[in-house]
Amino acid sequence: MRDFGRCAVDFLYPRHCAVCQTALPELLTCRAEICDGCRRELLSTAGVACDRCGAPIGPYVDPAGGCNFCVRQKFAFERVIRLGIYEDQLRQACLGAKGGRQQALAAALAELQWERRVEAFRDTPIDVVVPVPHFWLQRLSRLHNPAETLAGVWAHNLKVRKSDHILVKAKWTKPQRSLPADRRRENVRKAFKVGRPEEIQGATVLLVDDIMTTGATAHEAARVLKRAGAGRVITAVVARAMRN
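As for the nonpolar core
Ranked by size, the top nonpolar core spans 40 residues in total, and within it Ile 34, Leu 90, Phe 121, Val 129, Trp 154 and Leu 206 carry the most contacts. Looking at this core, the elements with two or more residues in it are α2 (36-42), β1 (80-85), α3 (88-97), α4 (103-123), α6 (146-158), β6 (204-208) and β8 (232-240). No other element matches the nine residues that α4 contributes to this core. Excluding anything up to four places from it in sequence, Leu 206 contacts Phe 121, Ile 126, Val 128, Val 129, Val 130, Trp 154, Leu 158, Ile 234, Thr 235 and Ala 236. Phe 77, Val 132, Val 224 and Val 233 belong to the second-largest nonpolar core, a separate cluster that totals 34 residues.

Re the pairing of β1
Within β1, six of the six residues are buried, which leaves it mostly tucked inside the rest of the structure. Bridging between β1 and β8 involves five bridges; their strand directions are parallel. Bridge pairing in β8 places Arg 82 opposite Val 237.

Concerning the packing of helix α7 (residues 181-188) against helix α8 (residues 216-227)
Between two packed helices, the angle of one axis relative to the other and the distance separating the axes together describe the packing. Close contact between α7 and α8 brings their axes to 9 Å; oriented N to C, the two are set at 30°. Classed by the angle they form, the pair α7 and α8 counts as roughly parallel. The interaxial crossing formed by α7 with α8 has right-handed handedness. Along the contact surface, α7 presents Arg 184, Arg 185 and Val 188, while α8 presents Ala 216, Thr 217, His 219 and Glu 220. Tallied by class, residues from the contact of α7 with α8 come to two nonpolar, two polar and three charged.

Concerning the environment of Ile 34
Mapped onto the elements, Ile 34 comes out in the loop between α1 (2-12) and α2. Given a relative accessible area of 0%, Ile 34 falls into the buried group. Sequence-wise, Ile 34 and Leu 105 are 71 residues apart; in three dimensions their C-alpha atoms are separated by 8.9 Å. Residue contacts for Ile 34: discarding those within four places in its chain leaves Cys 17, Val 19, Leu 24, Arg 39, Leu 42, Ala 108, Leu 109 and Leu 112.

Remarks on the packing of α4 against α6
Following both chains from N to C, one finds α4 and α6 inclined at 45°, their axes separated by 9 Å at the closest point. Here α4 is positioned oblique relative to α6, judged by the angle of their axes. In terms of crossing hand, the pair formed by α4 and α6 is right-handed. Along the contact surface, α4 presents Gln 103, Ala 106, Ala 107, Ala 110, Glu 111, Gln 113, Trp 114, Phe 121 and Arg 122, while α6 presents Pro 146, Thr 149, Leu 150, Val 153, Trp 154, Asn 157 and Leu 158. A per-class count over the contact of α4 with α6 returns ten nonpolar, four polar and two charged.

With respect to the packing of aromatic side chains
Inspection of the entire model under this criterion finds three aromatic pairs. Their ring planes at 15° and their centres at 4.6 Å tell us that Phe 75 and Phe 77 sit as a pair that is stacked. Neither residue differs from the other here; Phe 75 and Phe 77 are each classed as buried. Members of the aromatic cluster, connected to one another through ring pairs, are Trp 114, Phe 121 and Trp 154.

A few points about α8
Helix length check: α8 (twelve residues) gives 16 Å between terminal C-alpha atoms against 16 Å at 1.5 Å per residue, within 8%. For α8, a buried count of ten out of twelve residues is recorded, marking the element as mostly surrounded by other parts of the structure. Tucked inside the fold, the buried residues of α8 contact β4 (167-169), α7, β5 (192-194), β6, β7 (211-212) and β8. At the exit of α8 stands Gly 229, carrying a positive phi of roughly 125°.

Rules of the game
- Residues numbered from 1 in each chain as written.
- Predicted model: local features only at pLDDT ≥ 70, side-chain atom pairs only at ≥ 80, totals over all residues.
- Heavy atoms only, no water.
- Core = buried A, V, L, I, M, F, W, Y, C linked by side-chain atoms within 4.5 Å.
- Buried < 20%, exposed > 50% of the residue type's maximum accessible area, 1.4 Å probe, protein only.
- Helix = DSSP H or I, 4+ residues; strand = E, 2+ residues; numbered from the N terminus.
- Contact = heavy atoms within 4.5 Å.
- Pairing = 2+ DSSP bridges.
- Axes fitted to C-alpha atoms, helices over the stretch in contact; angles between N-to-C directions.
- Parallel < 35°, antiparallel > 145°, perpendicular 65-115°, else oblique.
- Left-handed = near helix turned anticlockwise from the far one by under 90°.
- Nonpolar A, V, L, I, M, F, W, Y, C, P; charged D, E, K, R; others polar.
- Phe/Tyr/Trp six-rings, centres within 6.5 Å; stacked < 30°, edge-to-face > 60°.
- Expected span 1.5 Å × (residues − 1).

This is the structure:
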């Protein structure tokens, strides 16, 4: 009966690809509502990634051992789970998912990443999923924080709770994209605080954002979470941006 109801809804209101808006085939069974063409383009930069920072690595490099991009850096998070590199179609999708009415696109990207990286998500038992928050002034101008949508999908799939209130952005910061790499950590230093430390004592936290470049934001958020009592922090992002 449930399948009949779903078919009736699809007939009256056909589903569309969240990326290109073309009608999806009736027999599409995956939860990521993305057509085959867009799926291929979004996954074109997936490749093999460094577990520690999410950067692309060659086939003969140990993913768990760090890479040339992160070997000299210290991170408060343990590892990064990402879908692909922030370029081409994936870049456009990430930018589109930031729009005020693009929760569906963000959710579709989250489901696609879950399909692709489900083993990585399940590799470490997660207790709580926490999105990287916006400062309250940013929330007035940005109606949608894609990190919250991503976190909601992954918390649901992991069957754990998601909390939008544990991590708070306590001060305004300059956009990270406008700063050189060596100034990004200082820009976000003391930008976050933990509002409910009792909820993360000894917990393994999945820290969620949409895009990561140098890892400065994720590092600072993870550092604050661990100082407040979190046992471990794993970071998940849709895309890893690579700067020259």
